[in-house]
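Coordinate analysis (summary)
Listed below, chain by chain, are the residues.
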Amino acid sequence: MVQSQEISSLTIGRLAAAGEVGVETVRFYQRRGLLKVPSRETGIRRYGADDLRRLRFIKQAQVAGFTLEQIKELLALDSTQDRSRARKLALGRLEALDVKVAELNKARDALRALAEKCGEGSTGPCPILRSFDGLID
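A brief structural summary. As the structure is a computational prediction, the values presented were derived from the model and not from experiment.

A closer look at the pattern of salt bridges
- Applying the stated criterion to the full structure yields seven salt bridges.
- We note a salt bridge from Lys59 to Glu20, for which the minimum N-O separation is 3.2 Å. One end of the pair, Lys59, is in helix α4 (residues 49–63); the other, Glu20, is in the loop between α2 (12–18) and α3 (23–31), with 39 residues separating them in the sequence.
- Glu24 serves as the salt-bridge partner of Arg27, at 2.8 Å between the closest nitrogen and oxygen. With Arg27 and Glu24 both in helix α3 and three residues apart, this pair spans about one turn of that helix.
- You can call Arg27 partly exposed: its relative accessible area is 34%.
- One network of salt bridges, with partners in common, ties together Arg108, Asp109 and Arg112.

So, the environment of Asp82
- The residue Asp82 is located in the loop between α5 (68–80) and α6 (83–120) in this model.
- Judged by its relative accessible area of 30%, Asp82 is partly exposed.
- Within polar-contact distance, the side chain of Asp82 engages the backbone nitrogen of Arg85 at 3.1 Å.

As for the packing of α4 against α5
- The contact between α4 and α5 brings their axes to 10 Å, and the two run at 135 degrees. Classified by the angle between their axes, α4 and α5 sit oblique to one another. Handedness of the α4/α5 crossing: right-handed. In this structure, α4 uses Arg54, Phe57, Ile58, Ala61 and Gln62 to contact α5, whose residues at the interface are Leu68, Ile71, Leu74 and Leu75.
- Tallied by class, residues from the contact of α4 with α5 come to seven nonpolar, one polar and one charged.

A look at the packing of α5 against α6
- In contact at an axis separation of 9 Å, α5 and α6 are set at 155 degrees when each is read in the N-to-C sense. It follows from the interaxial angle that α5 and α6 lie roughly antiparallel. In this structure, the crossing between α5 and α6 has a hand that is left-handed. Packed against α5, whose contacting residues are Gln70, Glu73, Leu74 and Leu77, the element α6 presents Arg85, Ala86 and Leu89 at the interface.
- A per-class count over the contact of α5 with α6 returns four nonpolar, one polar and two charged.

Analysis parameters
- Residues numbered from 1 in each chain as written.
- Predicted model: local features only at pLDDT ≥ 70, side-chain atom pairs only at ≥ 80, totals over all residues.
- Heavy atoms only, no water.
- Salt bridge = Lys/Arg side-chain N within 4 Å of Asp/Glu carboxyl O.
- Helix = DSSP H or I, 4+ residues; strand = E, 2+ residues; numbered from the N terminus.
- Buried < 20%, exposed > 50% of the residue type's maximum accessible area, 1.4 Å probe, protein only.
- Polar contact = N/O pair within 3.5 Å; in protein donor to acceptor, adjacent residues only side chain to side chain.
- Axes fitted to C-alpha atoms, helices over the stretch in contact; angles between N-to-C directions.
- Parallel < 35°, antiparallel > 145°, perpendicular 65-115°, else oblique.
- Left-handed = near helix turned anticlockwise from the far one by under 90°.
- Contact = heavy atoms within 4.5 Å.
- Nonpolar A, V, L, I, M, F, W, Y, C, P; charged D, E, K, R; others polar.

Fair warning: the whole summary comes from geometry, so function is off the table for now.
The following block contains the structure:
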């Protein structure tokens, strides 16, 4: 069987494996309207290359931090070729990532300073533990 025939006739298990997700993830995406539920051929649903591309797109968009609702919108925009809306979504996501990166940098710097202070003295409680004192029972 050639590769194109194999991709045009994937079971849900093979689709999930090829997309590096679980079968339940595929079903979840179907319930959310992100993936189609194909009709049954001889009692078994078959998925094709377009389904696999869509599944991989969803996964990559999630890695970029898009929500499932945003991903659904991006998928819908693909057929309309509304580049300005897709760009607006991407720029919004970039803004959110920049905020998160700034927060993470601030947390890293604070923890680095605490770790240095903890190593300076050999008596008394470590500043790291004191800084989290409100969180410790």
